[in-house]
Every structure is written in C-alpha cells, then in structure tokens.
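# Coordinate inspection notes
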Amino acid sequence: MRGPERILVIKFSALGDFVLALPAFARIRAAHPGARVTLLTTPPFETLARASPYFDEVRTDGRPNGPGAWLRLARQLRCAAFDRVYDLQTNDRTNLLFQALRPGPPPWSGTAFGCSLPHRNRDRASMHPLERQAEQLRDAGIWPDAPVAPLSAPGPDLSWIVARQPQPRSERPTALLAPGSSARHPRKRWPAAFYARLAAGLEARGFAVVVVGGIQESSIARAIQRQAPRARDLTGRTDFAQIAALGARAALAVGNDTGPIHLIAAAGAPTLVLFSSASSPALNAPRGRVAVLQAADLAELSADKVLTAALALAAPP
C-alpha cells in the first residue's frame, strides 16, 4: 500500500522572491495536510525552508550544472513519483524539467508547455508575485477565494520564524538600513553617501541605527559609520532568521529593492523602500507597513527627503 500523497514545490530564485512565495507555500501545505511535501530550491534558502512549517523535505539541487546533472535530477524526480507539482519558479528551466518528465508527467501547476494545471493568465508577468501565485493556485484548484485583485493579497507571515528568535530590548528605537542590492543591478542602490547622511539624521533624532546586508555591503556600512559613529554594522553577520528578528522589533527600516528588505517588512517593521526605474514597485514592492519613494535615478532622492519620509513612517517610541 502506497504511503502519503507526494507533493513537489519548486522555487529557487532570489531572496525577495522566496519571501513573497511564503503565502503560496502555506496554502499548498494547508491544501495537502497529510502529504509529504518536498521543496526543490537552491542552497541559500535551505536553512530558511527547513525552519518553516511547510516542508517535510528540502532539496537544494534545483540548479544543477550541465546537461548530465539535469538529466540525473529529472530521473530522480521521475523515480520519486510525485502526485502533483507546484512550479512557483515558472521559467525556461522548469519548463525543460517538465518536458524531461515526459511521457506521463505528474499533474503540474505552472506555465510549462502542456502541463495539466496551467496558469492561463496571459498578463501574469504584469502581476505582483503575491497575486500572481494566488491566482496560479486558484487555477490549480486549491485556493478558490484567492486574492487576485491588485494589492489584495496580504504580505508573508513570518511569525513562525520571529517566535524562535531572541527579542532583546533596546533603550532607543532601532532603525534598520539595508543599503545593498545585487551586484548585477547597481541602479537599484541609493548612494552610500546619502545613507550616511540619513543615518546621521536618524542618530540625531534618537534612533539606534543598524546596518544589515551581505559581507559585500561592509564598505557601505563603514562609510555610514564615518558620519554616524554609533551605527552598528551587522553586514555579513546575520542569517535570514536574525534579519527577520531585527525587523520584528525595529521602529523603522529603510532600504533598496533588495531581499533583506522583504524579510524586514514581512516581520512587521515600518519600511521605506527606495526604487529607481530599474524595478517597479507595482511588481516588486514588499507588503505590510510599507511606503515607497521612487526616482528614475536614485541619486535624485536627497537624504533630507528620505529622512522626512522615514520619520513620518516610523513607529512611535
């Protein structure tokens, strides 16, 4: 006799996209309460995925190198005999993976050519990921009342991760700064000198400034500290769970369109996100207590303007 239903979820993209997929993960888990749910992802998201309540197994070989490795992955997935696949990545690679499972691929939710549970909306690329994935799961039959109108979907729930993290008290309200972005998208970065002026202004108004991001943002943190000497540099020193915990107790966060700012906003911090013309708030902004400032070139946004907007958004002490 066969065991529980076997479900595969595919998501291996950047941190912000992974965070925005959390509501879909939760809905899939709720729709298959007795199933064994496996996530196919990549190594950066293994710890976060394993800590979540959504998966029984996490595979991190979602982007194998070379045709031979892809064929091995396809053989392994075929042998696993999944009863259903939810492809939340929906790109050329996952389409190829679906085709490699022929003949007789499992019921597949996504956009792969010939899949049995297609997301048919031709305008899906112009939808925010929260509504797009909700609509995909509605079309797959597991979310009949999915919030699909623009701005209707609530943000991710990170209570399960925040509850596991220590919540030390601070004498001063904390302002988180996330000044980084992918090296491939320098236009998404507000200038480091402006972050330094912002930090100095926040310190002068009683905030404890904390800089978060990857180790590659350490030089920006040092530039900030030259003008805001009490600022704390945590770049390269926090995992995703710790960033979420910081967001849960922050009075304010300011950052570029980058993955950590999605974690921070999802954890509950009042969050000001700075967008250039390199990305669209309608398609990429976090949800929650979020405000957006946008300029074609982020150098056009003065530190004074960002400070004013940030102070208006900040939670009262």
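Residues numbered from 1 in each chain as written. Predicted model: local features only at pLDDT ≥ 70, side-chain atom pairs only at ≥ 80, totals over all residues. Heavy atoms only, no water.

### Examining the sheet that holds strand S3 (residues 57-59)
- Read from one edge of the open sheet, six strands run S3-S2-S1-S4-S5-S6, paired in parallel fashion. At either end of the open sheet lies a strand with only one pairing partner, and these are S3 and strand S6 (117-118).
- Two elements, strand S1 (residues 6-10) and strand S2 (residues 36-40), share five bridges in a ladder whose sense is parallel. When the sheet's bridge partners are listed, leucine 8 is paired in S2 with threonine 38. (Pairing = 2+ DSSP bridges. Helix = DSSP H or I, 4+ residues; strand = E, 2+ residues; numbered from the N terminus.)

### What about the side chain of glutamate 131?
- Inspection of the secondary structure assignment puts glutamate 131 in helix H6 (residues 129-139).
- Look at glutamate 131 and you get buried, because its relative accessible area is 2%.
- Glutamate 131 has contacts with Pro147, Val148, Ala149, Pro150, Leu151, Ser152, Ala153 and Arg287, leaving out every residue within four places of it along the chain. (Buried < 20%, exposed > 50% of the residue type's maximum accessible area, 1.4 Å probe, protein only. Contact = heavy atoms within 4.5 Å.)

### Regarding the packing of aromatic side chains
- If you walk through the whole model with that rule in mind, you get nine aromatic pairs.
- When the ring of phenylalanine 25 is compared with that of phenylalanine 55, the centres are 5.0 Å apart and the planes differ by 75°; the resulting orientation is edge-to-face. Remark: phenylalanine 55 occurs in the loop between helix H3 (46-51) and S3 and phenylalanine 25 occurs in helix H2 (residues 22-31); sequence separation between them is 30 residues.
- Overall, phenylalanine 55 belongs to the buried group, its relative accessible area being 12%.
- Aromatic pair tryptophan 190 and phenylalanine 194: ring centres 5.6 Å apart, planes at 75°, arrangement edge-to-face. Per residue, the accessibility class of tryptophan 190 equals that of phenylalanine 194, and both read buried. (Phe/Tyr/Trp six-rings, centres within 6.5 Å; stacked < 30°, edge-to-face > 60°.)

### Remarks on the nonpolar core
- If you look at the biggest cluster of nonpolar residues, it comprises 51 residues, and the most contacted ones within it are Val9, Phe25, Phe55 and Leu158.
- Element by element, the count of residues in this core is highest for helix H11 (residues 259-267), at five residues.
- Here leucine 158 is in contact with Leu22, Ala244, Leu263, Ala266 and Ala267, once residues within four sequence places are set aside. (Core = buried A, V, L, I, M, F, W, Y, C linked by side-chain atoms within 4.5 Å.)

### Points about the packing of H2 against H6
- It is at 9 Å that the axes of H2 and H6 come closest, and there the two elements cross at 20°. Overall, the two elements H2 and H6 adopt an arrangement that is roughly parallel. For the pair H2 and H6, the crossing hand works out as right-handed. Contact residues: Pro23, Ala24, Arg27 and Ile28 in H2; Leu130, Gln133 and Leu137 in H6.
- Considered class by class, the residues forming the contact of H2 with H6 number five nonpolar, one polar and one charged. (Axes fitted to C-alpha atoms, helices over the stretch in contact; angles between N-to-C directions. Parallel < 35°, antiparallel > 145°, perpendicular 65-115°, else oblique. Left-handed = near helix turned anticlockwise from the far one by under 90°. Nonpolar A, V, L, I, M, F, W, Y, C, P; charged D, E, K, R; others polar.)

### Some points on unusual backbone geometry
- A cis amide bond links arginine 102 with the next residue in sequence, proline 103, at an omega value of -5°.
- Inspection of the secondary structure puts proline 103 in the loop between helix H5 (92-100) and strand S5 (108-110).
- Backbone geometry places alanine 81, a non-glycine residue, at a positive phi of 50°.
- By the element assignment, alanine 81 lies in the loop between helix H4 (67-80) and strand S4 (84-87).
- A positive phi angle is found at threonine 90, which is not glycine, with a value near 50°.
- Within the fold, threonine 90 resides in the loop between S4 and H5.
- We classify threonine 90 as buried; its relative accessible area is 17%.

### Overview of H6
- Most of H6 sits inside the fold, with nine of its eleven residues counted as buried.
- Where H6 is concerned, the buried positions are Pro129, Leu130, Glu131, Arg132, Gln133, Ala134, Glu135, Gln136 and Leu137.
- Its buried side turned inward, H6 meets helix H1 (15-20), H2, S4, S5 and helix H12 (281-284).
- Within two residues after H6, glycine 141 carries a phi angle of roughly 90°, on the positive side.

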